[in-house]
Amino acid sequence: MSTLLDTSREDASKRDWQHILHFDAALLFGLLAISALGLFVLYSSAGGDTQLVTRQILRLGIAFGGMVIVAQLRPQWLQRWTPWLYGLGLTLLIAVLAAGDVGKGAQRWLDLGFVRFQPSEMMKLAVPMMVAWYLSDKRLPPTYSRLLIAGALIVTPVLLIAVQPDLGTSLLIASAGFFVLFLAGLSWKLLGGLGLLATAGAPVLWHFMHDYQRQRVITFLDPEQDPLGTGYHIIQSKIAIGSGGLFGKGWLNGTQAHLEFLPERSTDFIFAVLGEEFGLFGIGVIVVIYSFIIVRSLYIAAQAQDTYGRLLGGSLAMTFFIYFIVNTGMVTGLLPVVGLPLPLVSYGGTSMVTLMAGFGILMSIHTHRKLLAT
Amino acid sequence: MQRSVQALIFAAVLVAVLIGRLVYLQVLAHEHYITLSDDNRIKILPLPPNRGLIFDRNGLILADNLPSYRLELTLEQIHDIDSTLDALSKLVNIRDVDRKRFEKLRQRTPAFKPVALRFHLSDDEVARFAIDRHRFPGVDIVAGLSRHYPHGPLSVHALGYVGRIDERDLQRIDASDYSGTTHIGKVGIERTYEDVLHGTVGYRQVETNAEGRILRTLVRTPPVPGENLYLTMDAELQSVAEQAFAGKAGAAIAIDPSNGDILAFVSQPTYDPNLFVNGIDTETYEALRDDDKQPLFNRALRGQYPPGSTLKPFVALGGLEQGIISEHADTYCPGFYRLPGKARKYRDWKRGGHGTVDLTTAIAQSCDVYFYDLALSMGIDRLHSYLSLFGFGKRTGIDIIGELPGLLPSRQWKRATRNLPWFPGETLITGIGQGFMLTTPVQLASATATLSEYGRRLKPRIVASTQQYDDIELTPVPFEPLADIPVEETHHWITVINAMREVVHGKRGTARKIGKDSEFDIAGKTGTAQVFGLKQEEKYEADKLAEELHDHSLFIAFAPIDKPRIAIAVVVEHGGGGSAVAAPIARIILDQYLVEKPS
């Protein structure tokens, strides 16, 4: 404890403005760097469409604004309101199934009259918060019965979202919840059991999938089988990345992207444009910045002074990582096409605000620590 | 703390896998991908399947594919579209409609994909363009096959036609199955059997140079052509039947009662389906659409007519089978009928009446009063239940899309649609096939076939068999039995059929004119369907009425009586009495089908 006290004192002057504004400079720097680079890539993939870039800047502004606001909230306050937030989210999910708008064949939106709202977005934060809240008031590692309840807290919203159907989001929320359990010290024995269960559950999941979802899995396993239909994305995106080589074809010079071979090049497949135009080197820079953000976030979580902050922060960091790895894995042909954006770089995405709110929570956890001596 | 480190290790391992993958794609396999992407762009070209052909029952071709040339522009290779179009218009004829369609297609086609500007280039145009080809990079002549109907308007209402795929079609097909395919079945058999006729798209992956010229094919998966269809229809019979209408509007259906095969499917007038294949011009289309005789209207499938007196044999059979009348009971016909206690007169078509009639005379001379009386005794409920056994009021399920159900009225129907009770007077007129009741020619022919087969019901069908493109063998489409009509007494059926024989061959039968010199026995029934109702005491005088108010002329028949080979329903719109117009047409069709021709 004394070392912590000492460093705090030592850094007090340096961290002063960060504490007042509740910023974490390192994290902020990483996020801004990714966003800026992303705008360059977006400008190219959109074929010089400045309107698109302007809209993206606006959206980034809103997301960063959201982050700043959330960062001001004290973690204790967040913790107190967690069950209410979770309860509200769950209610809205049920409402969406009962009365939601069908957009693109899935019931995801709730029309409140003045604003259309996607309750599943809220659950991306509410589920890890709730599990962290539940587990943090008793000793860790949790007992089996408490694990079972925590599991139910995760599975209920995940199923409600999966039937909308929105497989991508439900898997993301499941993983956010899972990481809280993992950080809480879920035993390896149980982890192995869960792994087996997931393997056994795959055929069951297949049974409940929609045709387009099954098609994505089949296409992933053998993209050449349907080169004109769904396989086209993966084939073209691999060509884009592979042809980029070490240093890429240069900004605005990607033939795959500019001759429209590459579908969804501004949204889910923007990583392929990056690979084509900036090569392995450019991708390396981006991967380093993403890794930095993840490491910094995990560090912040590890430094948290209470269990709630530690569990929640760690889960948020890992959720960000999952976004990144699933998107890049999909674009490089390692994973099936699941329609997750590359965070902060892909155009659009309601998920950006949620994601940045998550970073706001991380900053709040870090900057509201009590300096024990003062 | 320890768990955070483990999570970090987990993330690090996955990032390492990702980097490994990127190194593989961008360093190790870079040469491969750069080839695919940069110097030699890979293109995936769809190979559209050839559409299956359609033959009649004797193997005469009704729909085939002819070679045709179209002009395509690949926009990414053209610097100045407008000047290219201007220059092209000096070589080939480019109309405003072509240009408009091109502009529309261009908006939703990626730049590297070709867009069609003209279809069906003439040989001259092909030759002129070939000479100047070097001046037009990105412009190509593409050979393809185009649907052609060699017999033009013949049987168009059964065959239907193909047309260019439009927005509406895109909603019901999987676009990738139609890559490279420009046309799709729009109506008729072409639409109903689209799945069978279309085939499976193939593709090839090709390497092209920077100008888009194909250097070599990497992978080729050949398309599977669509299957051929062999119809139950006899084109010669069809042609004779269509000519028999001599320009009058109407419909005729001929069915083989033993298996439900449609032998002729006539709806007159017709139009040339070839007009629609590559887009009909507005003027021609408006002329067809606004034509008084409505050639685009499929009367055989969608025309709903009161059956008139052609319903009488079915009503009579119902009366016998349900034990309401006996074969020899007489009714007196004074020329009109009154409901007990009511003043309103329901007229017989014969002013003076038929005198004393039994069932056979009632059918042979089409006595209305007999059937008013019978219908009243049966009541609408029993009438409805017996007639529905023959399929009246329901779609027959014929394999051509768009069939209408007709209407067999009932108490429930009237309550549900008009919220009114059923009145006894309505039962009377239902008994002679007037009032609310409506049938389609397909339905009427099917019911006649069922009658000729003593209640054995078969679903009418027009496709007899299919054939794989590389196969000589035909795969028959099984014919579908429907629920048979229970037979109480076979001699009831014989009585009705004999009465129908009297219609044609009896001394005073309403269709005796066509029976005089017939080589075979015909059972028939005339019908006249009122287009508008006459007031009490008003007289129907054809020459004083506008033609569109003239009665419809109907005739049903089957022959030979002892072993029926063909059953027919004929409707001639505004043709007047059934005996005068519809029956002679039926006779022509029967002769064509049944009389052995010296070969």
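Residues numbered from 1 in each chain as written. Chains lettered and ligands numbered in written order. Predicted model: local features only at pLDDT ≥ 70, side-chain atom pairs only at ≥ 80, totals over all residues. Heavy atoms only, no water.

A.B. asks: Account for the overall build of chain B, with residues named and values stated.
C.D. replies: For chain B, the count of helices and strands is 22 helices and 21 strands. Looking at chain B as a whole, 54% of its 599 residues qualify as buried. Contacts in chain B between residues at least 24 apart in sequence constitute 71% of all its contacts with a sequence separation of at least 6. Of the accessible surface of chain B, which amounts to about 27000 Å², a share of 52% is contributed by carbon and sulfur atoms. (Helix = DSSP H or I, 4+ residues; strand = E, 2+ residues; numbered from the N terminus. Buried < 20%, exposed > 50% of the residue type's maximum accessible area, 1.4 Å probe, protein only. Contact = heavy atoms within 4.5 Å. Areas by Shrake-Rupley, 256 points an atom, 1.4 Å probe, with all protein chains shown as cover.)

A.B. asks: Can you explain the overall build of chain A? Please cite residues and give values.
C.D. replies: A tally of regular secondary structure across chain A gives 15 helices and three strands. Considering chain A as a whole, with its 374 residues, one finds that 53% of them fall into the buried category. Long-range contacts, defined as pairs at least 24 residues apart, comprise 71% of the intrachain contacts of chain A with a sequence gap of at least 6. About 16300 Å² of surface is accessible on chain A, with carbon and sulfur atoms providing 69% of the total.

A.B. asks: Break down the packing of helix α6 (residues 119–136) of chain A against helix α7 (residues 144–162) of chain A for me, citing the residues and quoting the values.
C.D. replies: Residue and element names in this part refer to chain A. Here α6 crosses α7 at 175°, and the two axes come no closer than 10 Å. The pairing of α6 with α7 is recorded here as roughly antiparallel in orientation. Counting all contacts with α6, which are made through Ser 120, Met 123, Val 127, Met 130, Val 131, Tyr 134 and Leu 135, the residues of α7 involved are Arg 146, Ile 149, Ala 150, Leu 153, Ile 154, Pro 157 and Ile 161. Among the residues forming the contact of α6 with α7, the class breakdown is 12 nonpolar, one polar and one charged. (Axes fitted to C-alpha atoms, helices over the stretch in contact; angles between N-to-C directions. Parallel < 35°, antiparallel > 145°, perpendicular 65-115°, else oblique. Nonpolar A, V, L, I, M, F, W, Y, C, P; charged D, E, K, R; others polar.)

A.B. asks: I'd love a proper account of the sheet that holds strand β20 (residues 552–559) of chain B, names of residues and values included.
C.D. replies: Residue and element names in this part refer to chain B. An order of β12-β11-β21-β20-β19 is seen for the five strands of this open sheet, with the pairing classed as antiparallel. Among the strands making up the open sheet, the edge pair consists of β12 (261–268) and β19 (523–529). Sheet twist, expressed as the mean angle between neighbouring strand axes with direction ignored, is 5°. Looking at chain direction, β19 and β20 are connected through seven bridges and run antiparallel. Pairing of Thr 528 across the sheet is with Ser 553, part of β20. Along the sheet, helix α22 (residues 582–594) makes contact with β11 (250–256), β12, β20 and β21 (566–572), crossing β21 at roughly 150°. (Pairing = 2+ DSSP bridges.)

A.B. asks: I'd like to hear about the interface of chain A and chain B, residue by residue, with values.
C.D. replies: Contact residues are listed per partner, giving 47 residues for chain A and 36 residues for chain B. Together, the buried faces of chain A and chain B total about 3600 Å²; carbon and sulfur atoms form 73% of this surface. Joining chain A to chain B, the criterion identifies zero salt bridges. Linking chain A to chain B there are eight residue pairs in polar contact (both at pLDDT 80 or more). Top contributing element to the side of chain A that touches chain B by residue count: helix α13 (residues 270–303) of chain A, with 11 residues. Of the residues contributing to the side of chain A that touches chain B, the split by class is 25 nonpolar, 16 polar and six charged. (Buried area = accessible area lost by both parts, 1.4 Å probe. Salt bridge = Lys/Arg side-chain N within 4 Å of Asp/Glu carboxyl O. Polar contact = N/O pair within 3.5 Å; in protein donor to acceptor, adjacent residues only side chain to side chain.)

A.B. asks: Which residues make up the environment of B:Tyr24, and what are the values?
C.D. replies: Residue and element names in this part refer to chain B. Its location among the elements puts Tyr 24 in helix α1 (residues 2–28). Owing to a relative accessible area of 38%, Tyr 24 belongs among the partly exposed residues under this scheme. Residues in contact with Tyr 24, not counting those within four places in the same chain, are Ala 29 and His 30.

A.B. asks: Can you lay out the packing of aromatic side chains for me, pointing to particular residues and giving the numbers?
C.D. replies: Enumeration according to the criterion identifies 28 aromatic pairs over all chains in this entry. A ring pair is formed by A:Tyr290 and A:Phe320, whose centres lie 5.7 Å apart and whose planes are at 40°; its orientation type is tilted. Pair noted here: A:Tyr290 is in helix α13 and A:Phe320 is in helix α14 (residues 307–331), with a separation of 30 residues, a long-range link. Neither residue differs from the other here; A:Tyr290 and A:Phe320 are each classed as buried. Through a chain of ring-to-ring contacts, the aromatic side chains of A:Phe178, A:Phe179, A:Phe182, A:Trp188, A:Phe321 and B:Phe10 assemble into a single cluster. The ring centre of B:Phe119 lies 3.9 Å from the NZ or CZ of B:Arg164, which sits over that ring. Of note, B:Arg344 hangs over the ring of B:Tyr346, and the distance from its end group to the ring centre comes to 4.8 Å. (Phe/Tyr/Trp six-rings, centres within 6.5 Å; stacked < 30°, edge-to-face > 60°. Lys NZ or Arg CZ within 6 Å of the ring centre and 35° of its normal.)

A.B. asks: Any chance you could break down a nonpolar patch on the surface for me, citing the residues and the numbers?
C.D. replies: On the surface, A:Leu37, A:Leu246, A:Phe247, A:Phe281, A:Val285, B:Tyr24, B:Val27 and B:Leu28 cluster together into a nonpolar patch covering about 790 Å² of accessible area. Elements that contribute at least two residues to the nonpolar patch include exactly α13 of chain A together with α1 of chain B. With three residues, α1(B) is the single largest residue contributor to the nonpolar patch. The class for A:Leu37 is partly exposed, based on a relative accessible area of 32%. (Patch = residues over 30% accessible without salt bridge, like charges linked within 9 Å, V, L, I, M, F, W, Y side chains within 5 Å.)

A.B. asks: Could you give an account of the pairing of β20(B), naming the residues involved and the relevant values?
C.D. replies: Residues and elements named next belong to chain B. The element β20 is largely enclosed, with a buried count of eight among its eight residues. In β20, alternate side chains face the same way, and those of His 552, Leu 554, Ile 556 and Phe 558 on one face and Ser 553, Phe 555, Ala 557 and Ala 559 on the other are all buried. Across seven bridges, β20 lies against β21 in antiparallel orientation. Counterpart to Phe 555 in the pairing with β21 is Val 570. Hairpin connection from β20 to β21: six residues lie between these consecutive antiparallel strands.

A.B. asks: Report on the environment of B:Gln268, specifying residues and quantitative values.
C.D. replies: All names here are of chain B. Structurally, Gln 268 can be placed in strand β12. Judged by relative accessible area, Gln 268 falls into the buried class, the value being 9%. Note: C-alpha distance between Gln 268 and His 157 (111 residues apart in sequence) is 8.9 Å. Sequence-distant contacts of Gln 268, that is, excluding residues within four places in its chain, are made with Glu 242, Phe 245, Lys 248, Ala 249, Gly 250 and Arg 299.

A.B. asks: Talk me through helix α4 (residues 50–72) of chain A; I want residue IDs and the actual numbers.
C.D. replies: All names here are of chain A. The end-to-end C-alpha separation of α4 is 33 Å, in line with the 33 Å expected for 23 residues at 1.5 Å each. Along α4, the residues classified as buried are Leu 52, Val 53, Gln 56, Leu 60, Ala 63, Phe 64, Met 67, Val 70 and Ala 71. Structurally, α4 contributes buried residues whose contacts are with α3 (25–45) and α15 (351–367). (Expected span 1.5 Å × (residues − 1).)

A.B. asks: With reference to specific residues and values, describe the confidence of the model for chain A.
C.D. replies: Of the residues in chain A, 84% reach a pLDDT of 70 or more, and the chain-wide mean stands at 82. In this model residues 1–10 of chain A is a low-confidence stretch, pLDDT under 50, and it forms eight contacts with partners more than four residues away in sequence or in other chains. (pLDDT = per-residue confidence, 0-100.)

A.B. asks: Run through the packing of helix α14 (residues 312–321) of chain B against helix α16 (residues 368–389) of chain B, naming residues and quoting values.
C.D. replies: Residue and element names in this part refer to chain B. Two elements in contact, α14 and α16, have axes separated by 9 Å at closest approach and are oriented at 75°. If you check the angle between α14 and α16, you find them roughly perpendicular. Between α14, through Lys 312, Phe 314, Val 315, Ala 316, Leu 317, Gly 318, Gly 319 and Glu 321, and α16, the contact on the second element is made entirely by Asp 368, Phe 371, Leu 374, Met 378, Leu 383, Tyr 386 and Leu 387.

A.B. asks: Now, about the pattern of salt bridges: what can you tell me, with residues and values included?
C.D. replies: Residues and elements named next belong to chain B. One pass over the full model with this rule turns up 27 salt bridges over all chains. For Arg 461, the salt bridge is made with Asp 261, and the minimal N-O distance between the two is 2.7 Å. With Arg 461 in the loop between α19 (441–452) and β17 (463–467) and Asp 261 in strand β12, this residue pair connects regions lying 200 residues apart in the sequence. Taking relative accessible area as the criterion, Arg 461 reaches 11% and is therefore assigned buried. A salt bridge links Asp 591 to Arg 587; the nearest nitrogen and oxygen atoms lie 3.1 Å apart. With Asp 591 and Arg 587 both in helix α22 and four residues apart, the pair spans about one turn of that helix.

A.B. asks: Describe in detail the side chain of B:Ser146, supporting the description with residues and values.
C.D. replies: Residues and elements named next belong to chain B. Mapped onto the fold, Ser 146 is located in strand β5 (residues 139–148). Judged by its relative accessible area of 7%, Ser 146 falls in the buried class. A polar atom in the side chain of Ser 146 sits 3.0 Å from the side chain of His 120. Excluding its chain neighbours within four sequence positions, the residues that come into contact with Ser 146 are Asp 64, Asn 65, Leu 66, Ser 68, His 120, Val 277 and Asn 278.

A.B. asks: Break down unusual backbone geometry for me, citing the residues and quoting the values.
C.D. replies: All names here are of chain B. The residue after Gln 268, namely Pro 269, is reached through a cis peptide bond having omega -5°. Checked against the element boundaries, Pro 269 lands in the loop between β12 and α11 (274–277). Along the chain, Ala 559 connects to Pro 560 via a cis peptide bond; the corresponding omega equals -20°. When you line up the elements, Pro 560 lands in the loop between β20 and β21. One non-glycine residue, Gln 294, lies in positive phi territory at about 50°. Mapped onto the elements of the fold, Gln 294 is located in the loop between α12 (282–290) and α13 (299–302). Of note in the backbone geometry, Ser 366 takes a positive phi value of approximately 55° without being a glycine.

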